[in-house]
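# Breakdown of the fold
Chain by chain, the residues run as shown.
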Amino acid sequence: MKSNLIKAVKSLAIFILILFIADRAIGYFIEKLYFKQKTGDLYQTTYAIKQAKQKILIFGASRAMHQYVPDILEQKLHKSVYNLGRDGRNMIYHYTVFSQVLTYSHPDLIIIDVLPNEYSWKTRKEGEDGMISALLPYIDYPEVKADIGQIRRSDIILSGIFKTYAYNSNLAQIFGYNFGVLTASKNKKGYEPLYGTKLTVADLLAPGLINMPEMNEEARNYFKAFLNKAKENNIKVCVVVSPVLPVIGSKNCISDMRRITEGYGFKFYDFSKTGAFADNSLYYDQFHLNDKGATDFTGDLADTLLAK
Amino acid sequence: MYSQLALIIIPLSIIIITYLCGYYIEKSAVEKRKKYIYLAGIIANISFLLLLKYFNFFSLTLTSIFNSVNTAFFKSAEQTNHPFLLNLAVPLGISYITFQAMGYLIEVYRGTHPAEKNFGHFITYLLFFPKIVAGPVERAHHFLPQIKTGKSFDYDTIVLGLRLMLWGFFKKLVIADRLELYNSSVLDNYSHHNSITLAFTAVLCAIQLYADFSGYTDIALGLAKVLGFDLTPNFNRPFFSKSITEFWRKWHISLSKWFLDYVYTGVTISLRDWGKWSPIFALNITFILLGLWHGPNWTFVIFGMLQGLALTLEFLTRKSRKKLREKLPVAVNTLVGVFITFGYFCFSLIFFRANSVKQALTIIGKIFQASKGSIFIGSVSTMFYAIIGVTILFITEYFQENHPKFLLINNRHRIVRHATYVTLILLIILFGVFNESQFIYFKF
């Protein structure tokens, strides 16, 4: 019994030591590769966390990333602009990135693109997991650590134990962009244009987000927290629902977001009902404008901002 | 509050009733009384299960039939009846508890296992925590004697248990949960996807279910081993089966063996006058019940029926298939058999996974429509990690099946073993999905 116990303790100690060394070695190697990236989705997050010092910053998910053309806004508004929108991100990500940006910069204006169903996270998978995974590599930044800790403390603990955990689910992209297997689409100050259209008749007939539930209180709270942070820091915010084919949306969600935004004294623009964007040829798919649509829309948005 | 109490009281009632019935079956000298007590115990268990899990299903079905008849024959569509539904809290693992309890009573009644006198041991048998929510369906004669033997710290057994757990976590976190991201993204919008994507998803759903359930089983078996108990293995590389008959000897073994011993055998014997139709009838009844065991939904009934149908065909064609096999090379036999079996299981699983028969039929319709278009990949990285996990799983199982002497996790050299542990842990950390998702079989 006693010899059994000694054997177990010895084996366990050796095993933990090997695991620790392997994890740290692989972790440092991946970390180096991660921050060596010069293009791609992960690089854009690094840019947002470290160096987005432009005067106008655009936040949002794919509909921000593919629909707001910084060059047009710069020409018309005469201020530097960067598009921080990223595919599949939600308000948790925007809030954390915004908090981090505020540690080194003070933009004049934030444009945040919201979905007509912004509050509709169906599951935690949509709401939290992807966002935490995107932010974990920046766990050493206090703002990021604090925000992740509020959502899921276990992630802080796990990334403390395992150096590799911060890069969970990111390895394919890290290697892909470092070794030329993946190439980023043409990126213009964060804006990634989509060309042509892949709309089908079925897309035009089938409702998109319509099956999603109406409200998720957590999503709503993050939206309020984002606006509140801007208010506390004296930064103007303009909340935009960008154009979308006329099949999706939740009136309740849009009107609630408008109410909250205006409650903070910020502007709310709903382009989802604008007739000018009813032309199918301006859309890449149901939810995204193509480059031509994005150019028209950004021009309209800039004019609207100038007029107000 | 009441529903929370019910979650404790119901399993406890099942345990007490089963314990007392077992005790009095053995004690009773009169055969007739023995039988009545036995039947009372079985009926009590089935009643709990029916009431908690199936009452609403039957109520909805009967009301729907009644309303249809009413409309068709009496033209009184305006007098639609509403089903009487119960809103009861269902304790976790109720199907497993009742099936083990019934198995115990059958064994005691048949005299193949003595009634357990120690209530503490009996409650441990039914509520042993590694197996409580999703099995295996443990037999009394296998588990109860283990409680009575003394337990001491055994290094080798603990290591064996931990290895099993590690492999189980790999299957669950790296494969099953990763595949779920893809599968749910397709199935949540199945009307938008083409044939090839839906067919591919059907295959991935089968792999996901296997990785999820066998992953859970490995964790349960490993944990039990660490505590000094051996549970019944539930899987034996089922995707290498060459027929559906072989498949059901390797998939959810403890449950299919339970049905084989206590339902199939009983029905076959009682209908032995029917000749060859006796086993066919028994097979179909057994698999319909096995399907229904998963939950109160017609999708599960059809899933069971499809298994019964395949087994019937295999039973009826066994001689002609044997002749055909003799004419073909072994490799061709194996490949064709594995391919057909796996394909058929994936197909039947569409009903298992679908929320309704209508949804399943729509998906099947879309698959056979052969609509054009390329396969939907979704997130490239999700697919990439899933492929890595699935490849590791199948290569491992291939070696276990065909080259059992090739060992990694159980290798006698410490360096190889430790390297395998570390690799598996780092793969879990790097590729695992940590969204605290439940095991699929928890809901059954």
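Here is what the cut-offs are and how they apply
- Residues numbered from 1 in each chain as written.
- Chains lettered and ligands numbered in written order.
- Predicted model: local features only at pLDDT ≥ 70, side-chain atom pairs only at ≥ 80, totals over all residues.
- Helix = DSSP H or I, 4+ residues; strand = E, 2+ residues; numbered from the N terminus.
- Buried ≥ 20, exposed ≤ 12 C-beta atoms within 10 Å, placed from the backbone.
- Axes fitted to C-alpha atoms, helices over the stretch in contact; angles between N-to-C directions.
- Parallel < 35°, antiparallel > 145°, perpendicular 65-115°, else oblique.
- Left-handed = near helix turned anticlockwise from the far one by under 90°.
- Contact = placed C-beta atoms within 7 Å.
- Nonpolar A, V, L, I, M, F, W, Y, C, P; charged D, E, K, R; others polar.
- pLDDT = per-residue confidence, 0-100.
- Domains from an automatic or database assignment.
- Core = buried A, V, L, I, M, F, W, Y, C linked by C-beta atoms within 7 Å.
- Pairing = 2+ DSSP bridges.
- Expected span 1.5 Å × (residues − 1).
- Bend = angle between axes of the 7 residues up to and from the residue.
- Arc of directions from axis to C-beta.

## Considerations on the overall build of chain A
The secondary structure content of chain A amounts to 13 helices and seven strands. Considering chain A as a whole, with its 308 residues, one finds that 42% of them fall into the buried category.

## Looking at the packing of helix 6 (residues 155-187) of chain B against helix 15 (residues 380-402) of chain B
All names here are of chain B. For the pair helix 6 and helix 15, interaxial distance at closest approach is 9 Å and the crossing angle is 135°. Comparing the axis directions of helix 6 and helix 15 gives the class oblique. The chirality of how helix 6 crosses helix 15 is left-handed. Counting all contacts with helix 6, which are made through Lys171, Val174, Ile175, Arg178, Leu179, Leu181 and Tyr182, the residues of helix 15 involved are Thr382, Met383, Tyr385, Ala386, Gly389, Val390 and Leu393. Of the residues that constitute the contact of helix 6 with helix 15, the class distribution is 10 nonpolar, two polar and two charged.

## Some points on the confidence of the model for chain B
Keep in mind that low pLDDT regions are not for reading the predicted coordinates in detail. Summary statistics for chain B give a mean pLDDT of 89 and a share of 98% for residues scoring 70 or more. Among the prediction metrics, the complex's ipTM stands at 0.79, with pTM recorded as 0.86.

## With respect to the domain arrangement of chain B
Residues and elements named next belong to chain B. For chain B, the assigned domains are domain 1 (2-127) and domain 2 (156-431). A C-alpha centroid distance of 29 Å is found between domain 1 and domain 2. Taken together, the contact between domain 1 and domain 2 spans eight residues of the former and four residues of the latter. For the side of domain 1 that touches domain 2, the secondary-structure elements that each account for two or more residues are helix 2 (31-74) and helix 3 (94-110). Taken together, the residues of the side of domain 1 that touches domain 2 sort by class into four nonpolar, three polar and one charged.

## Some words on the nonpolar core
Judged by nonpolar contacts, the single largest core of 186 residues is most densely connected at Leu57(A), Ile111(A), Leu135(A), Phe226(A), Leu105(B), Ala206(B) and Leu349(B). Counting residues per element, this core draws most heavily on helix 7 (residues 195-226) of chain B, at 18 residues. Dropping the residues within four chain positions of it, Leu135(A) is found in contact with Tyr93(A), Thr96(A), Val144(A) and Ile148(A).

## Here's the deal with the sheet that holds strand 2 (residues 81-83) of chain A
All names here are of chain A. Pairing within the open sheet is parallel, and its five strands lie in the order 2-1-3-4-5. Each having just a single partner strand, strand 2 and strand 5 (267-270) make up the two edges of the open sheet. Adjacent strand axes in the sheet meet at a mean angle of 15° when their direction is disregarded. Where strand 1 (residues 56-59) lies against strand 3 (residues 109-113), four bridges are found, and the strand directions are parallel. Bridge pairing links Ile58 to Ile111 in strand 3. On top of the sheet, helix 4 (residues 70-77) reaches strand 1 and strand 2; it is set at about 160° to strand 2, its chief contact.

## As for the interface of chain A and chain B
Counting residues at the interface gives 25 residues for chain A and 19 residues for chain B. Taken together, the elements giving at least two residues each to the side of chain A that touches chain B come down to helix 1 (2-36), helix 6 (124-135) and helix 9 (171-178) of chain A. It is helix 1 of chain A that contributes the most residues to the side of chain A that touches chain B, 10 residues altogether. A breakdown of the residues in the side of chain A that touches chain B according to their chemical character gives 15 nonpolar, five polar and five charged.

## Section: the environment of Leu313(B)
In this fold, Leu313(B) is placed in helix 11 (residues 298-316). Measuring from C-alpha to C-alpha, the distance between Leu313(B) and Ile280(B) comes to 9.3 Å, with 33 residues separating the pair along the chain.

## Quick word on unusual backbone geometry
One non-glycine residue, Asn234(A), adopts positive backbone phi at about 60°. Looking at where Asn234(A) falls in the secondary structure, it is placed in the loop between helix 11 (217-232) and strand 4 (236-241). With 8 C-beta atoms counted inside 10 Å, the residue Asn234(A) sits in the exposed group. One non-glycine residue, His252(B), lies in positive phi territory at about 45°. As for its placement among the helices and strands, His252(B) is situated in the loop between helix 8 (244-250) and helix 9 (253-270). Assessed through the 24 C-beta atoms surrounding it within 10 Å, His252(B) is described here as buried.

## Considerations on the pairing of strand 4 of chain A
In summary, the side chains of a regular strand alternate between the two faces of the sheet. Residues and elements named next belong to chain A. Here strand 4 lies mainly inside the structure; five of its six residues are buried. For strand 3 and strand 4, the ladder comprises five bridges, and the chain directions are parallel. Counterpart to Leu109 in the pairing with strand 4 is Lys236. Two strands pair when backbone bridges link them, and strand 4 and strand 5 are joined in this way by four bridges, in the parallel orientation. Considered in strand 5, the bridge of Val239 is made with Phe268.

## A short note on helix 2 of chain B
Residues and elements named next belong to chain B. Along its 44 residues, helix 2 runs just 51 Å from first to last C-alpha, ending more than 12% under the 64 Å computed at 1.5 Å per residue. At Tyr54, helix 2 shows its maximal kink, close to 70°. All buried positions along helix 2 are accounted for by Ile37, Tyr38, Gly41, Ala44, Asn45, Phe48 and Leu49.

## Let's talk about helix 4 (residues 119-127) of chain B
For helix 4 of chain B, the full list of buried residues reads Phe122(B), Tyr125(B) and Leu126(B). Take helix 4 of chain B and look down its axis: the buried residues cluster within an arc of 85°, on one side only.

## Overview of the confidence of the model for chain A
Residues at a pLDDT of 70 or more form 88% of chain A, whose mean pLDDT is 85. Confidence, expressed as mean pLDDT per element, reaches its minimum in chain A at helix 10 (residues 201-205) of chain A with 63 and its maximum at strand 1 of chain A with 96.

## Thoughts on the environment of Phe240(B)
Residue and element names in this part refer to chain B. Looking at the secondary structure, you find Phe240 in the loop between helix 7 and helix 8. C-beta crowding within 10 Å serves as the criterion here: with 20 such atoms nearby, Phe240 is assigned to the buried category. Taking the C-alpha atoms as reference points, Phe240 and Gln4, 236 residues apart in sequence, are found 43 Å from one another. Beyond its immediate stretch of four places on either side in the chain, Phe240 contacts Val338, Glu397 and Glu401.

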